[in-house]
Amino acid sequence: MKVQTIGMLAMLAAAVCSYATPEVAVAQTSRPAPTHATGCSADGNIEFICGVPHAEDLQRIPRSEWVIASGLEQQGLRFVNTRDFQYMPAFPTTTSRTRFERQKFPDCPGPAVEEGMDFHGINLREGQNGIHTLYAVRHVTRDVDSRESIEVFEIDARQKQPIVTWIGCVPSPAGIILNSVTPLPGEGFVSSNFNWPGNDKASDFPKEWSNGQLWEWQPGTTWKIVRGSEFLPGPNGLEASR
């Protein structure tokens, strides 16, 4: 998604969201080629990274120069470098790795690594020795046999460029389209749902669009609504105290 890092993240939140950018297909190369947008002038001491297609959410990889950007419109996950301002595909690529942790995610039907995956909110559980866990809200992609789910990845930041490995998924509750996600202590997480199915009139928000909720998942259990969150007006961004 030191003072320089904070400024960069704030900058990314504004500049990376480039919905007017022409659609760019996820590069499918053995070594993803970095891209450095041109014609993107600084504003005083604030520099911008422009051209990252359809970025939706940002997550900084701890103690590194990298940010992960999730992408709607079939853009997958991308690495963004806060040092040289380049960006490149992170997942999926032709070298995408999978290591299905089936016992931890028994309801996951298995790997589904297609070109042009849609990812919404993302969040990271910081691990030890440069190994972290990334949670990504995934949506059904047009013309692709995909799923609504939380996809789970291992991020190995010990390399010069981090390595992304898919390790499992948790299918979303029936009829629910999730938005953001945050890890909880242990191995569970909470995700937000804008609204119950059927109430999809954005023009009614927030007067009538007031029955979103938060959903919690823990290993060995099924999804459950977080008590007291049953009628939230369009819950969006989500974080949990660590």
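Reading the values: rules and limits
Residues numbered from 1 in each chain as written. Predicted model: local features only at pLDDT ≥ 70, side-chain atom pairs only at ≥ 80, totals over all residues. Heavy atoms only, no water. Helix = DSSP H or I, 4+ residues; strand = E, 2+ residues; numbered from the N terminus. Areas by Shrake-Rupley, 256 points an atom, 1.4 Å probe, with all protein chains shown as cover. Phe/Tyr/Trp six-rings, centres within 6.5 Å; stacked < 30°, edge-to-face > 60°. Buried < 20%, exposed > 50% of the residue type's maximum accessible area, 1.4 Å probe, protein only. Contact = heavy atoms within 4.5 Å.

(A) Spotlight on the overall build of the protein chain. Per the secondary structure count, the protein chain includes one helix and 13 strands. Reading the protein chain from its N end, one meets helices and strands in the order α-β-β-β-β-β-β-β-β-β-β-β-β-β. Accessible area of the protein chain: about 12,400 Å², with a carbon and sulfur share of 51%.

(B) Region of interest: the packing of aromatic side chains. All told, the structure shown has eight aromatic pairs when counted by the stated rule. Judged by centre distance (5.3 Å) and plane angle (50°), the ring pair of Phe100 and Trp166 falls under tilted. Of this pair, Phe100 sits in the loop between β5 (97-98) and β6 (118-125) while Trp166 sits in strand β9 (residues 163-171); the two residues are 66 residues apart in sequence, bridging distant segments of the chain. Judged by its relative accessible area of 0%, Trp166 is buried. Linked through ring pairs, Phe105, Tyr135, Phe189, Trp217 and Trp223 together constitute an aromatic cluster.

(C) Fine view of the environment of Ala136. Summarising the element assignment, Ala136 is placed in strand β7 (residues 131-139). Between the C-alpha atoms of Ala136 and Gly121, which are 15 residues apart in sequence, the distance is 6.0 Å. Ignoring sequence-local partners within four residues, the contact set of Ala136 consists of Phe119, Gly121, Ile122, Ser149, Ile150, Glu151 and Phe153.

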